[in-house]
Amino acid sequence: MPSSRADAAGWQPGDVREAAGGLFALALATFVAVTTELVPVGLLPLISDDLAVSESVAGLLVTAYAFMVAALALPLTSATRRLPRKTLLLGTLAVYTASNVIVALAPTFAVVAAARALGGAAHAVFFSVSIGYASRLVRPHLAGRALALVTLGASAGFILGVPLSTSLGAAVGWRNAFLVLTGVCVVAGVLTAWLLPSVPGGGAPPDDAARGARRTALAQVSVANALAYLGHFTVYTYVSVLLLAAGLATAALGPALLLIGALGLVGAAFAAARLDVHLRQTTVITLSVVAAGVLALGLAFPGTVGTLAAAAVWSVGFGAVAAVFQTAAIRTRGASPDVVGALVNATANIGIGGGAALGALVLDGAGIDVLPYTGAVLVVAALVVVLVARRAFPGGPAAAADAAPGPADDAAGG
């Protein structure tokens, strides 16, 4: 396994099978990252009760984390561009571990918020680097499949991480749930160190006449990405509150989130099979399913069965969202892979943080009934951007020339 700068500089991407070990390591690390970011979602009622804050204030733990990512993704990615990629990823996993330990032991809500901000800083670097990392492990025309496979780790964070931590928190306390997550972070760090090969950093796009058009396409992908996440997290941040208000028992909340989240694998598999050939069609279908599911949730609420069924449809669609926008952004070649990763990371977290904050305002103001409709409008807005931005979301297959990174301008191994 490559381990030095020289080895990284000589790294040659292969097919998905040849990159399987590295892709698994990135998927596992992504699972830890997503679970760390979103674990408060299922534990909001427990955290708010224990720390004597309202559920809407507790929801700001997601907002603060996400806004740290949004603010720091580009500057930290730029500041660390010459550091070894693998070492940088391992460092973020170490910071995740420290953040979760502090949260578990925190005596006050303020300390919890500070620890979450620390995790947000790690997250700003992790996803910015991991998106570019995954695209470098395989040949350019296979980037969509590679990114979809890595984002299975994100899906697993929704499917297993959040629901299991919710169930664990209900059984043994929310602090112990964070301690268990700390152990998972350690395991992920060890396996990432073992399985992930080193790759060079850098990779600036060519400076040619199409540069402006590529940057415009990247900006359009970034806007659609932010809107999609904004709509989703306006509702998802408070999904536990919605399900409880729909009549679901507290003890059933974790299993329900687990079953609903598992359907996200259907969307992820759909994306993996189609992204490298039908990017535009896959994106339109994905956002249409998400919008329909969130709208149906509003129409069905507060009926328990209807609310659960609508949430299941919503989950199927959202399982493909991360891979769709990461692939679209990489294919624009509007910047180096790491800068593209930083933009995708930052705009997604603008949506996550903004959604949590907007959801809190709606929850405290208009009421819980309005949450799904607010989210649906924002997802439809993302779909409109996709429909208008044909160059940013092309319909044809990805050719090697479409996604190939340019010459490395700051080769940094791991």
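These numbers were taken from a predicted model, which means no experiment stands behind them. (Residues numbered from 1 in each chain as written. Predicted model: local features only at pLDDT ≥ 70, side-chain atom pairs only at ≥ 80, totals over all residues. Heavy atoms only, no water.)

Draft legend 1. Spotlight on the overall build of the protein. Within the protein one finds 19 helices and zero strands. Accessible area of the protein: about 14,300 Å², with a carbon and sulfur share of 72%. (Helix = DSSP H or I, 4+ residues; strand = E, 2+ residues; numbered from the N terminus. Areas by Shrake-Rupley, 256 points an atom, 1.4 Å probe, with all protein chains shown as cover.)

Draft legend 2. Quick peek at unusual backbone geometry. The amide bond that connects F301 to the next residue, P302, takes the cis arrangement and shows omega of 10°. Among the secondary structure elements, P302 is positioned in the loop between α14 (279–300) and α15 (304–318). Residue A52 is not a glycine yet carries a positive backbone phi of 60°. By the secondary structure assignment, A52 is in the loop between α2 (20–51) and α3 (55–58).

Draft legend 3. Broad picture of empty space enclosed by the protein. Tallied over the full model, the rule gives two cavities of 30 Å³ or more. Each pocket or cavity is described by its volume, and for the largest cavity that value is around 490 Å³. For the lining of the largest cavity, the secondary-structure elements that each account for two or more residues are α2, α6 (109–137), α8 (152–172), α10 (211–236), α12 (250–262), α15, α16 (321–332) and α17 (337–364). In terms of residue count, α8 provides more of the lining of the largest cavity than any other element does, six residues in total. In this structure, the second largest cavity encloses a volume near 40 Å³. Where the lining of the second largest cavity is concerned, the elements lending two or more residues are α6 and α7 (143–150). Element by element, the count of residues in the lining of the second largest cavity is highest for α6, at three residues. When its residues are assigned to classes, the lining of the second largest cavity shows four nonpolar, four polar and no charged. (1 Å grid on protein atoms, 1.4 Å probe; cavity = no way out; pocket = protein on both sides within 12 Å on 5 of 7 lines; lining within 4 Å. Points joined across faces, edges and corners; volume = space filled by probe spheres on them. Nonpolar A, V, L, I, M, F, W, Y, C, P; charged D, E, K, R; others polar.)

Draft legend 4. The arrangement of the side chain of T92 in detail. Position of T92 relative to the elements: it lies in helix α5 (residues 85–105). T92 gets classed as buried once you look at its relative accessible area, which sits at 4%. When sequence neighbours within four positions are dropped, the list of residues in contact with T92 reads A122, V125 and F126. (Buried < 20%, exposed > 50% of the residue type's maximum accessible area, 1.4 Å probe, protein only. Contact = heavy atoms within 4.5 Å.)

Draft legend 5. Representation of the nonpolar core within the structure. Counting 112 residues, the largest nonpolar core has Y96, Y236, W314, F325 and F393 as its most contacted members. Of the residues forming this core, the biggest block, 12 residues, is contributed by α2. Residues in contact with F393, not counting those within four places in the same chain, are V221, A224, R280, T283, F325, A328 and V386. V103, A106, V112 and L181 belong to the second-largest nonpolar core, a separate cluster that totals 15 residues. (Core = buried A, V, L, I, M, F, W, Y, C linked by side-chain atoms within 4.5 Å.)

Draft legend 6. Fine view of the side chain of T35. Relative to the elements of secondary structure, T35 occurs in helix α2. Those residues in contact with T35, other than ones at most four positions away along the chain, are G157, G161 and L181.

Draft legend 7. Molecular detail of α17. Helix length check: α17, at 28 residues, gives a terminal C-alpha distance of 40 Å against a target of 40 Å (1.5 Å per residue), a fit within 8%. With 21 of its 28 residues buried, α17 lies for the most part within the structure. (Expected span 1.5 Å × (residues − 1).)

Draft legend 8. Inspection of the packing of α2 against helix α4 (residues 60–79) at higher detail. As a packed pair, α2 and α4 sit with axes 9 Å apart at the nearest point and diverge in direction by 160°. One way to sum up the angle between α2 and α4 is to call them roughly antiparallel. Residue-level contacts link A33, T36, E37, P40, V41 and I47 of α2 to L61, V62, Y65 and A66 of α4. Looking at the contact of α2 with α4, its residues break down into eight nonpolar, one polar and one charged. (Axes fitted to C-alpha atoms, helices over the stretch in contact; angles between N-to-C directions. Parallel < 35°, antiparallel > 145°, perpendicular 65-115°, else oblique.)

Draft legend 9. Seen up close, the packing of aromatic side chains. Inspection of every chain in the model, using the stated rule, returns nine aromatic pairs. Ring centres of F126 and F127 lie 5.0 Å apart, and the angle between their planes is 85°; this geometry places the pair in the edge-to-face category. Judged on exposure class, the residue F126 and its partner F127 are both buried. A centroid spacing of 6.3 Å and a plane angle of 80° characterise the contact between F233 and F318, whose relative ring orientation is edge-to-face. Of this pair, F233 sits in helix α10 while F318 is found in helix α15, placing the two residues 85 residues apart along the sequence. Per residue, the accessibility class of F233 equals that of F318, and both read buried. Taken together, the ring pairs in this structure connect Y229, F233, Y236, W314 and F318 into an aromatic cluster. (Phe/Tyr/Trp six-rings, centres within 6.5 Å; stacked < 30°, edge-to-face > 60°.)

Draft legend 10. Broad picture of the environment of A272. The residue A272 is located in helix α13 (residues 264–274) in this model. Sequence-wise, A272 and L152 are 120 residues apart; in three dimensions their C-alpha atoms are separated by 9.4 Å. Once residues lying within four places of it in the same chain are set aside, the contact partners of A272 are R145 and A148.

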